[in-house]
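Okay, here's what each chain looks like letter by letter:
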Amino acid sequence: MQKHRDNMDKVWNISGLKIPEGSKKEMMLKVAGTLERIPATFINGKYEGKTLAVISGLHGGEYDGIQAAIEISKELDPLELHGRVIILHPLSLSIFESGLSSVHPKDGKNLNRIFPPQHDGTVSDKIAAYLFDEILSRADFCLDMHGGGHCSVVCPHGYITGVCEDSVYMAAAAAAMTVDIPYFLRSRDETGAYNYAGIRGVPGMIIERGGLGRLNRENVRLFKKDVRNLMRHLGIKKDVPEKNMYIPQISTERYYLNAGDHGCWYPEENTFAGAFVKKGQKLGTVRGYFGEHIRDVYANTDGVLLIAASALTVRDGGVLLLACYDKYPLYADENSIE
């Protein structure tokens, strides 16, 4: 039985907007104290239910998630929904339009590294505060869509809120089983947007796809399918879930391999996102600007490479590779493949 809202709940009051049930509102949001604009779509379903926040463009050069958010905001019909959806596409136009992959051009800060938000800080801090106060704190679940940016390629994978109450983690883990990627990591971070939301009781996940600063139409399709299947899991959509290729596996084990110096990165032929590696396997070499050898990089243990740097330039502390050190089946059973 479809449950209608009481009269007092039919109008959704959020971010200074009043959105009637069964309707959709597109709005360029303004962040107080800044010149920031956020293209946002608010969808108030015909029937009561949970609220999903979908974030894209927290890093500007991760285009597949941004395009997926733009498209699905148009495609969702509020008359069919049991609940509410907030879609940001992208979160920061300043970062998106600057061509920078991960930092704001005004203050050089990474929006996914500055939580809990500082309300009286720089422009990035104010965006973060707005995001949490007006969006994430009003949601029942947070989906943050990411990609490899300009300088790396990712094997499709994700992260779920992990530094949180057990019930929040379990809610995030259950939701992770509905999306079409093979690998998830239980996050140990606390400074990202969805991490902080998890600490405050809102479960969530990041999905990573793409890279090289390119728009990939297949990745856009898969991101949109993930959003729809997550909505079905939350009860916001009531139709039949779409079939996935992968059965996600969750690990807590990961290891970042860093450059250790400034210079140039030369990966081995078999060092690419999605590759399985063995302990002690040579993954690449860092050389100086005259071609001199600086160091070789080796795998610490058996695992799969989730992120692989694609740029020639590297810097001390810069991430070359992210490896996930558990072995997983690559595909779901054949009956689940589209």
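This text gives an overview of the structure that appears in the document. Everything numeric here is computed off the predicted structure, so don't read it as measured data.

The next thing to look at is helix α3 (residues 123-135). Look at α3: 17 Å from first C-alpha to last across 13 residues, which is about the 18 Å you get at 1.5 Å a residue. With respect to burial, α3 is a largely interior element, 10 of its 13 residues being buried. Taken together, the buried positions of α3 are occupied by V123, S124, D125, I127, A128, A129, Y130, L131, F132 and I135. Of the surrounding elements, those touching the buried residues of α3 are β3 (23-30), β4 (37-44), β5 (47-56), β6 (82-88) and α5 (193-199).

Strands sit in the order β16-β15-β13-β18 across an open sheet of four strands; the sheet is antiparallel. Each edge of the open sheet carries a strand with a single partner, namely β16 (293-298) and β18 (313-314). Where strand β13 (residues 263-267) meets strand β15 (residues 282-287), four bridges bridge the pair, whose relative direction is antiparallel. Bridged to Y266 within β15 is T285.

The contact between helix α1 (residues 63-75) and helix α6 (residues 217-234) brings their axes to 8 Å, and the two run at 55 degrees. It follows from the interaxial angle that α1 and α6 lie oblique. For the pair α1 and α6, the crossing hand works out as right-handed. Across the interface between the two elements, D64, G65, Q67, A68, E71, I72 and E75 of α1 pack against R217, N219, V220, F223, K224, V227 and R228 of α6. Residue classes in the contact of α1 with α6 are distributed as five nonpolar, three polar and six charged.

Under the counting rule described, the total for this entry stands at 17 salt bridges. The partner of D302 in a salt bridge is K278, with the nearest N and O atoms 4.0 Å apart. Note that D302 is positioned in the loop between β16 and β17 (303-309) and K278 in the loop between β14 (276-277) and β15, a separation of 24 residues in sequence. The partly exposed category is assigned to D302, whose relative accessible area is 25%. Salt bridges sharing common partners tie together R228, R232, K237, D239 and E242.

This part is about the nonpolar core. Formed by 44 residues in total, the largest nonpolar core has its most connected members in F42, L88, L91, L111, L131, I135 and L136. At seven residues, α3 tops the list of elements feeding residues into this core. In this view, L131 contacts I55, L88, L91, F115, L136 and A193; residues no more than four positions away in its chain are not counted. Within the second largest apolar cluster, 31 residues are counted, among which are V54, I72, M205 and F223.

Attention now moves to the side chain of T41. With respect to the helices and strands, the residue T41 is situated in strand β4. In this structure T41 comes out as buried when scored by relative accessible area, which is 0%. Side chain to side chain, T41 and H89 meet in a polar contact 2.9 Å long. Residues in contact with T41, not counting those within four places in the same chain, are K24, K25, E26, S73, V85, I86, I87 and H89.

When its volume is computed, the largest pocket comes out at roughly 1100 Å³. If you go around the largest pocket, you meet 36 residues; those closest to its centre are S102, N110, R113, S152 and V319. Elements represented by at least two residues in the lining of the largest pocket include exactly β8 (152-160), α5, β10 (204-211), β12 (254-258), β17, β18 and β19 (319-324). Take the lining of the largest pocket: its biggest share by element is three residues, from β8. Split into classes, the residues belonging to the lining of the largest pocket amount to 13 nonpolar, 17 polar and six charged.

Examined against the element boundaries, R232 turns out to sit in helix α6. A C-alpha to C-alpha distance of 8.9 Å links R232 and T178, two positions 54 residues apart in sequence. Setting aside its immediate chain neighbours within four residues, R232 contacts K237, D239, V240, P241 and E242.

A few words now on the pairing of β17. The element β17 is extensively covered by neighbouring structure, given that seven of its seven residues are classed as buried. Relative to β17, β14 runs antiparallel, the two being bridged by two bridges. For V277, the partnering residue across the bridge sits in β17 and is G303.

Disulfide: a covalent bond formed between the sulfur atoms of two cysteine residues. Scanning the model with the defined rule gives zero disulfides in all. In this model C264 remains outside any disulfide bridge; the closest cysteine sulfur is found in C151, 13 Å from its own. Accessibility expressed as a relative area gives 10% for C264, which makes it buried.

It is worth spelling out unusual backbone geometry at this point. With omega at -5 degrees, the peptide bond leading from H89 into P90 counts as cis. Assignment of secondary structure puts P90 in the loop between β6 and α2 (93-98). Between F115 and the following residue, P116, the backbone shows a cis peptide bond with an omega angle of 0 degrees. With respect to the element layout, P116 can be found in the loop between α2 and α3. Look at S15: it is not a glycine, yet its phi comes out positive at around 50 degrees. In this structure, L212 is a non-glycine residue whose phi angle is positive, near 65 degrees. Relative to the assigned elements, L212 resides in the loop between β10 and α6.

Cut-off values and rules
Sequence order as written defines residue numbering, which begins from 1 separately in each chain. Under the rules for a predicted model, residues below a pLDDT of 70 receive no local features and side-chain atom pairs below 80 are neither given nor counted, while totals for whole chains, interfaces and linings still include all residues. With hydrogens and water stripped out, all remaining heavy atoms of the structure feed into the side-chain values. For the purposes of this entry, the term helix denotes a DSSP run of H or I that reaches at least four residues, the term strand denotes a run of E that reaches at least two, and both are numbered from the N terminus. Take the number of residues in a helix, subtract one, and multiply by 1.5 Å to get its expected span. Burial classes: relative accessible area under 20% of the type maximum marks a residue as buried, over 50% as exposed, and values in between as partly exposed (1.4 Å probe, protein chains only). Every residue pair with non-hydrogen atoms within 4.5 Å of one another is taken to be in contact. The criterion for strand pairing is that DSSP finds at least two bridges linking the strands in question. For every element, the axis is a line fit to its C-alpha atoms; helices are fit only across the contacting stretch, and the angle between N-to-C directions ranges from 0 to 180 degrees. Throughout this description, any angle smaller than 35 degrees is read as roughly parallel, any larger than 145 degrees as roughly antiparallel, any in the 65 to 115 degree range as roughly perpendicular, and the remainder as oblique. Throughout, a crossing is termed right-handed when the near helix is turned clockwise from the far one, and left-handed when it is turned anticlockwise from it by less than a right angle. In this count, Pro and Cys sit with the nonpolar residues alongside Ala, Val, Leu, Ile, Met, Phe, Trp and Tyr, while Asp, Glu, Lys and Arg are called charged and the others, Gly among them, polar. One speaks of a salt bridge when a side-chain nitrogen belonging to Lys or Arg is within 4 Å of a carboxyl oxygen belonging to Asp or Glu. Think of a nonpolar core as a cluster: buried Ala, Val, Leu, Ile, Met, Phe, Trp, Tyr and Cys residues, connected wherever their side-chain atoms sit within 4.5 Å. In protein, a polar contact means a hydrogen-donor-capable atom and an acceptor-capable atom, both N or O and within 3.5 Å, with residues adjacent in sequence counting only if both atoms are side-chain atoms; elsewhere, any N or O pair within 3.5 Å suffices. With a 1 Å grid laid over protein atoms only, a set of points is called a cavity when a 1.4 Å probe fits there but cannot get out and a pocket when it is open yet has protein on both sides within 12 Å along at least five of seven lines; lining residues have an atom within 4 Å of a point. Grid points are joined across faces, edges and corners, and a volume is the space filled by probe spheres set on the points. Pairs of cysteine sulfur atoms within 2.5 Å are identified as disulfides in what follows.

In short, shape yes, function no, at least from these values alone.
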